[in-house]
Amino acid sequence: MNSACEAHGISERRACSIIGADRSTVRYRHRRTDDAAFRDRLRELAAERRRFGYRRLKLLLDREGMRMNHKKLRRLYAEERLQVRRRGGRKRALGARAPMTSPQGQNQRWSLDFVADTRTDGRRFRILVVVDDFTRECLCLVADTSLSGKRVARELTAIIAQRGARPLLCVSDNGTELTSNAILSWCQQSKVDWHYIAPGKPQQNAFAESFIGRLRDECLNETLFTSLRQARVVLATWQRDYNEVRPHSAHGGLTPASIRLPPCSPASSPLRAGFAGGLRPVLTQSPLAARIARGPGQKAALQAEQKASFCLQRKPRLKNGETPLDRTEKPRHDRQDGNPGLYF
């Protein structure tokens with residue numbers, strides 16, 4: 001309306017009469033109050049009273065002096081996706097009653113799923129997959145012919161003991177193993193929230209599904225499993241390679257294990273991965289490259305310093321394909337003093 005008045009040089013009254021609009025409608029300004037505090041309290045009550053609908057929650061809010069029209073409360077209740085799921089059949093774990101948020105650090109959200117494969121004799125086995133959604137690190141690959149809810153709870157407890165921290169939220173589908181009473185009891189004892197994706201929506205568990213795609217393409221489809229013992233060995237080797245050697249595109253070429261290490265650790269900087277004795281990564285990054293990355297102005301001084309120090313040292317004999325960097329002393333983490341146990 002303002003642009004039309006300025007373009008034609010007419011008043012607001014004249015413009016409204018031409019288009020047949022009411023002047024009060026044109027001058028209306030949005031005056032809706034901010035409901036952030038009300039939404040926060042509504043979510044808190046819904047988390048405490050998991051089986052309360054919006055009518056009972058309104059009574060609780062009225063007691064606290066936070067009064068609101070029931071129609072507006074229902075709209076906010078639906079926008080926050082706090083609807084109560086109907087129970088059907090036996091007692092199941094219903095999970096957290098709130099939408100998922102993106103993880104901002106390690107051990108904030110873990111994703112779980114199962115993948116199946118077949119041995120050469122035709123017998124099938126299943127693999128439990130647990131992934132940290134922030135670091136993309138594979139926390140466990142448990143292969144067995146049967147994986148019950150109690151077994152899943154034991155494996156999660158073992159992962160928590162190994163990492164020294166429990167997750168804030170676990171995400172999974174609605175499989176019978178993950179909705180069992182064993183998982184429900186474990187969540188209550190461990191004080192870990194559990195979020196179940198919508199039925200028929202595997203994309204809501206995207207981190208686990210993406211990892212399973214890499215696992216099947218790079219490991220399962222490339223290997224013939226003759227026994228369950230061989231499958232466990234192969235999966236453990238591939239898990240170590242995935243976490244410590246394989247570059248991940250989500251981290252700009254870094255490994256998932258380097259994301260959870262402190263900045264002072266050698267594994268927290270980009271590595272040119274090599275292999276020695278299997279799938280254990282070898283630290284092959286030049287110390288000069290890491291120091292030059294601090295600033296372009298120090299490049300010439302650092303190169304001169306390295307050249308002078310290299311001339312003072314006796315050049316050792318090298319084998320075929322070996323470089324002087326391979327003879328340098330490399331730090332080693334050997335699971336002592338609470339170290340996570342990465343090998344370099």
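Residues numbered from 1 in each chain as written. Predicted model: local features only at pLDDT ≥ 70, side-chain atom pairs only at ≥ 80, totals over all residues. Heavy atoms only, no water.

Trainee: How should the overall build of the protein chain be read in this particular structure?
Mentor: Assigned secondary structure in the protein chain consists of 13 helices and 7 strands. Within the protein chain, the proportion of its 344 residues that are buried is 36%. For the protein chain, long-range pairs separated by at least 24 residues make up 56% of all intrachain contacts whose partners lie at least 6 apart in sequence. Here the protein chain has roughly 21600 Å² of accessible surface; of this, 49% comes from carbon and sulfur atoms. (Helix = DSSP H or I, 4+ residues; strand = E, 2+ residues; numbered from the N terminus. Buried < 20%, exposed > 50% of the residue type's maximum accessible area, 1.4 Å probe, protein only. Contact = heavy atoms within 4.5 Å. Areas by Shrake-Rupley, 256 points an atom, 1.4 Å probe, with all protein chains shown as cover.)

Trainee: In this structure, what is going on with the confidence of the model for the protein chain? I would like to understand it.
Mentor: Within the protein chain, residue pLDDT values average 77, and 71% of them lie at 70 or more. A low-confidence stretch, residues 263–295 stays under pLDDT 50, and its non-local contacts, those more than four residues away or across chains, total 64 contacts. Per-residue pLDDT stays below 50 along residues 330–335; that stretch engages in 18 contacts with residues further than four places along the chain or on separate chains. (pLDDT = per-residue confidence, 0-100.)

Trainee: Is there a simple way to think about the packing of aromatic side chains in this case?
Mentor: For any pair of aromatic rings, the description consists of the separation of the ring centres together with the inter-plane angle of the planes. Overall, the coordinates contain 7 aromatic pairs when judged by the stated rule. Between Trp238 and Tyr242 the ring centres are 5.2 Å apart and the planes differ by 25°, which places this aromatic pair in the stacked class. Linking Trp238 with Tyr242, this pair stays in helix 10 (residues 228–244), spanning 4 residues, or about one helical turn. Tyr242 carries the same exposure label as Trp238, and that label is buried. Grouping aromatic residues by their ring pairs yields a cluster made of Trp186, Trp194 and Tyr196. Lying across the ring of Phe52, Arg56 places its NZ or CZ 5.7 Å from the centre. One residue, Arg126, lies across the ring of Phe114, its end atom 4.3 Å from the ring centre. (Phe/Tyr/Trp six-rings, centres within 6.5 Å; stacked < 30°, edge-to-face > 60°. Lys NZ or Arg CZ within 6 Å of the ring centre and 35° of its normal.)

Trainee: Would you mind showing me how to read unusual backbone geometry here?
Mentor: Across residues other than glycine, the phi torsion is negative in most instances, and most of the peptide bonds are trans. The phi angle at Asn107 is positive, at roughly 60°, despite the residue not being glycine. Backbone geometry at Lys191 places phi at a positive 55°, although glycine is not the residue there. Mapped onto the elements, Lys191 comes out in the loop between helix 8 (181–190) and strand 5 (193–196).

Trainee: Explain helix 9 (residues 206–218) to me, please; I cannot follow it from the model alone.
Mentor: Its 13 residues place the ends of helix 9 18 Å apart at the C-alpha level, agreeing with the 18 Å of an ideal helix rising 1.5 Å per residue. Of all the residues in helix 9, the buried ones are Ala208, Phe211, Ile212 and Leu215. Down the axis of helix 9, the sector holding all buried residues measures 105°, keeping them to one side. Of the surrounding secondary structure, the elements contacted by the buried residues of helix 9 are strand 1 (109–118), strand 2 (124–132), strand 3 (138–144) and helix 10. (Expected span 1.5 Å × (residues − 1). Arc of directions from axis to C-beta.)

Trainee: Can you walk me through the pattern of salt bridges in this structure?
Mentor: When the charged atoms of two side chains lie near each other, side chains of opposite charge can form a pair. Counted by the stated rule, this structure contains 20 salt bridges. Notably, a salt bridge pairs Arg41 with Glu64, separated by 2.6 Å at the nearest N-O pair. Linking Arg41 in helix 4 (residues 36–48) with Glu64 in the loop between helix 5 (54–63) and helix 6 (70–79), this pair joins segments that are 23 residues apart in sequence. (Salt bridge = Lys/Arg side-chain N within 4 Å of Asp/Glu carboxyl O.)

Trainee: Any chance you could explain the sheet that holds strand 4 (residues 169–172) here in plain terms?
Mentor: The strands making up a sheet are joined through hydrogen bonds of the backbone, oriented either antiparallel or parallel. Pairing in this open sheet of 5 strands is mixed, and the strands run 3-2-1-4-5 from one edge to the other. Sheet topology places strand 3 and strand 5 at the edges, where each strand pairs with a single neighbour. Strand-to-strand twist in this sheet, taken as the mean axis angle between neighbours without regard to direction, amounts to 20°. Strand direction decides the pairing type here: strand 2 and strand 3, joined by 6 bridges, are antiparallel. Along strand 3, the bridge assignment pairs Leu128 with Val142. On top of the sheet, helix 7 (residues 149–163) reaches strand 1, strand 2, strand 3 and strand 5; it is set at about 130° to strand 1, its chief contact. (Pairing = 2+ DSSP bridges. Axes fitted to C-alpha atoms, helices over the stretch in contact; angles between N-to-C directions.)

Trainee: Can you walk me through the side chain of Arg109 in this structure?
Mentor: With respect to the element layout, Arg109 can be found in strand 1. You can call Arg109 buried: its relative accessible area is 8%. Among the polar contacts listed, one links the side chain of Arg109 to the side chain of Asp133, at a separation of 2.6 Å. (Polar contact = N/O pair within 3.5 Å; in protein donor to acceptor, adjacent residues only side chain to side chain.)

Trainee: Before we go on, may I ask you to explain the environment of Leu73 in this structure?
Mentor: Considering the arrangement of structural elements, one finds Leu73 in helix 6. On a C-alpha basis, the gap between Leu73 and Leu42 in space is 9.2 Å, while along the polypeptide they are 31 residues apart. Sequence-distant contacts of Leu73, defined by excluding residues within four places in its chain, comprise Phe38, Leu42, Tyr54, Lys58, Leu61 and Met68.

Trainee: Hey, could you run me through helix 5 in this one?
Mentor: Because an α-helix packs 3.6 residues into every turn, residues spaced three or four apart end up facing the same way. Those residues of helix 5 that fall on the buried side of the exposure criterion are Tyr54, Leu57, Leu60, Leu61 and Asp62. Structurally, helix 5 contributes buried residues whose contacts are with helix 4 and helix 6. Just past helix 5, the residue Gly65 takes up positive phi, approximately 85°.

Trainee: What is the right way to read the environment of Leu57 from this model?
Mentor: When you line up the elements, Leu57 lands in helix 5. Between the C-alpha atoms of Leu57 and Leu45, which are 12 residues apart in sequence, the distance is 7.0 Å.

Trainee: Please explain the packing of helix 5 against helix 6 as it appears in this structure.
Mentor: Axis angle and axis distance: for two packed helices, these are the angle between their axes and the distance between the axes, and together they describe the pair. Closest axis-to-axis distance for the helix 5/helix 6 pair is 10 Å, and the angle between their directions is 115°. Classed by the angle they form, the pair helix 5 and helix 6 counts as roughly perpendicular. Of the two possible hands of crossing, helix 5 and helix 6 adopt the one that is right-handed. Side by side, helix 5 and helix 6 meet where Tyr54, Leu57, Lys58 and Leu61 of the first sit next to His70, Leu73, Arg74 and Tyr77 of the second. Residue composition of the contact of helix 5 with helix 6, grouped by class: 5 nonpolar, 1 polar and 2 charged. (Parallel < 35°, antiparallel > 145°, perpendicular 65-115°, else oblique. Left-handed = near helix turned anticlockwise from the far one by under 90°. Nonpolar A, V, L, I, M, F, W, Y, C, P; charged D, E, K, R; others polar.)

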